[in-house]
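# Reading the structure
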Amino acid sequence: PNEFNYDENGDGTVTITAFPQTKYQTNGTVVVPDTIDGYTVTAIDNNVSYADEVVDLTIPGTVKEIQSHTFDRTSFLKSVMLGNGVERIGAHAFDTDKGLSSVQLPSTLREIGESAFEKCSALTSIDLPNGLKTIGSQAFLQSGLTSLTLPDSVTSVGSQAFFECRSLVSAKLSSGMTTIPSQMFQRCTSLRTVTIPASIKSIDSTAFGSCDLTTIY
């Protein structure tokens, strides 16, 4: 197929169930429309067909949530742009997308689910928007991040969120946080500099396990 397939949700909205076969149509570029045939696109099925052929993906803000596992373990995905309006990235949504190197997140994003970007080893940087509140456990475990700034809107970070990010050199934590959870930066063997705000009241004993920190602000 060279077009999007969808199911009607019964309320004037639709869920995308198949992407165009991009390998033959668009060289891997998929721009999900915000409307199709007069219906508003509000969801992408987490078993959407031909997801594994996508290289460059744009999702409109009418889709409020990227469902769990929707784009995990894809072979070719390199870039993702989420439109203003997307609020949540579900668990394992982009897990083990080893070629994913560019992610643009909207200011409307409030939650990144557990293991959402786990093992995204080509992802060396990401701009986390102010307004983000929650980062789930193992969200960036073994990812390729080299530096990290958590916006001050972040209040909750799960355990092992940045576990074994071996390229991570510096991290600045959020003044909205009060605790640094277990194994948050464990085995981040390149981590040298951490900025810890005054709001932090407790640091788990394993938070910086196997790290060789040189500077703490």
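Summary of the structure given here. Worth saying up front: this structure is predicted, and the values here are computed from it rather than measured. (Residues numbered from 1 in each chain as written. Predicted model: local features only at pLDDT ≥ 70, side-chain atom pairs only at ≥ 80, totals over all residues. Heavy atoms only, no water.)

A cluster of acidic residues, Glu 3, Asp 7, Glu 8 and Asp 37, forms a negative patch at the surface. Turning to its location among the elements, Asp 7 is positioned in strand 1 (residues 5–8). Judged by relative accessible area, Asp 7 falls into the partly exposed class, the value being 45%. (Patch = residues over 30% accessible without salt bridge, like charges linked within 9 Å, V, L, I, M, F, W, Y side chains within 5 Å. Areas by Shrake-Rupley, 256 points an atom, 1.4 Å probe, with all protein chains shown as cover. Salt bridge = Lys/Arg side-chain N within 4 Å of Asp/Glu carboxyl O. Lys, Arg positive; Asp, Glu negative; His and termini not counted. Charge placed at Lys NZ, Arg CZ, Asp CG, Glu CD. Helix = DSSP H or I, 4+ residues; strand = E, 2+ residues; numbered from the N terminus. Buried < 20%, exposed > 50% of the residue type's maximum accessible area, 1.4 Å probe, protein only.)

So, on to the pattern of salt bridges. Tallying each qualifying case throughout the model produces 3 salt bridges. The shortest N-O distance in the salt bridge between Arg 88 and Glu 111 comes to 3.1 Å. Here Arg 88, found in strand 9 (residues 88–89), pairs with Glu 111, found in strand 11 (residues 111–112); they are 23 residues apart in sequence, far enough to count as distant. Its salt-bridge partner being Arg 166, residue Glu 164 comes within 2.6 Å of it at the nearest N-O pair. With relative accessibility at 14%, the residue Glu 164 sits in the buried group. Here Arg 166 falls in the partly exposed class, since its relative accessible area comes to 42%. Here the residues in one salt-bridge network are Glu 65, Arg 88 and Glu 111, joined through shared partners.

Of note, Ser 159 is situated in the loop between strand 14 (156–157) and strand 15 (170–172). Sequence separation between Ser 159 and Ala 207 is 48 residues; the distance between their C-alpha atoms is 8.4 Å. For Ser 159, the residues in contact, after removing those within four places along its chain, are Ser 137, Gln 138, Pro 181 and Ser 182. (Contact = heavy atoms within 4.5 Å.)

Our focus in this paragraph is the pairing of strand 6 (residues 56–59). Residues Leu 57 and Ile 59 of strand 6 are buried on one face, while the alternating residues Asp 56 and Thr 58, pointing to the opposite face, are not. Here strand 3 (residues 29–31) pairs with strand 6 via 3 bridges, running parallel. Its bridge partner lying in strand 6, Val 31 is registered against Thr 58. Bridge analysis of strand 6 against strand 8 (residues 79–82) gives 4 bridges, and the strand direction is parallel. If you follow Asp 56 over to strand 8, its bridge partner there is Ser 79. (Pairing = 2+ DSSP bridges.)

On to the packing of aromatic side chains, then. Tallying each qualifying case throughout the model produces 9 aromatic pairs. A ring pair is formed by Phe 94 and Phe 117, whose centres lie 5.4 Å apart and whose planes are at 10°; its orientation type is stacked. Residue Phe 94 is found in the loop between strand 9 and strand 10 (102–104), and its partner Phe 117 is found in the loop between strand 11 and strand 12 (134–135); the two are separated by 23 residues along the sequence. Here Phe 140 and Phe 162 contribute two aromatic rings whose centre-to-centre distance is 5.4 Å and whose plane-to-plane angle is 5°, an arrangement assigned as stacked. In this pair, Phe 140 sits in the loop between strand 12 and strand 13 (147–149) while Phe 162 sits in the loop between strand 14 and strand 15, placing the two residues 22 residues apart along the sequence. Accessibility assignment for this pair places Phe 140 and Phe 162 in one class, buried. (Phe/Tyr/Trp six-rings, centres within 6.5 Å; stacked < 30°, edge-to-face > 60°.)

Let us now look at the environment of Arg 166. With respect to the helices and strands, the residue Arg 166 is situated in the loop between strand 14 and strand 15. Between the alpha carbons of Arg 166 and Leu 191 there is a distance of 7.7 Å; along the sequence they are 25 residues apart. Leave out the neighbours within four places in its chain, and Arg 166 touches Arg 187, Thr 189 and Ser 190. A polar contact is formed between the side chain of Arg 166 and the side chain of Glu 164, at a distance of 2.6 Å. (Polar contact = N/O pair within 3.5 Å; in protein donor to acceptor, adjacent residues only side chain to side chain.)

A full pass over the atoms with the stated rule returns 0 disulfides. In this structure Cys 165 is not part of a disulfide, and its nearest cysteine sulfur, from Cys 188, lies 4.9 Å away. Relative accessible area serves as the criterion here: at 0%, Cys 188 is assigned to the buried category. (Disulfide = S-S within 2.5 Å.)

In this section: the pairing of strand 5 (residues 39–49). Consecutive side chains of a regular strand alternate in pointing toward one face of the sheet and then the other. By the bridge criterion, 5 bridges tie strand 2 (residues 13–18) to strand 5 in an arrangement that is parallel. The residue bridging Thr 15 from the neighbouring strand is Ala 43, located in strand 5. Across 2 bridges, the pairing between strand 4 (residues 35–36) and strand 5 is antiparallel. Its bridge partner lying in strand 5, Thr 35 is registered against Thr 40. The antiparallel hairpin formed by strand 4 and strand 5 contains 2 residues in its connecting segment, where Asp 37 sits at a positive phi of about 50°.

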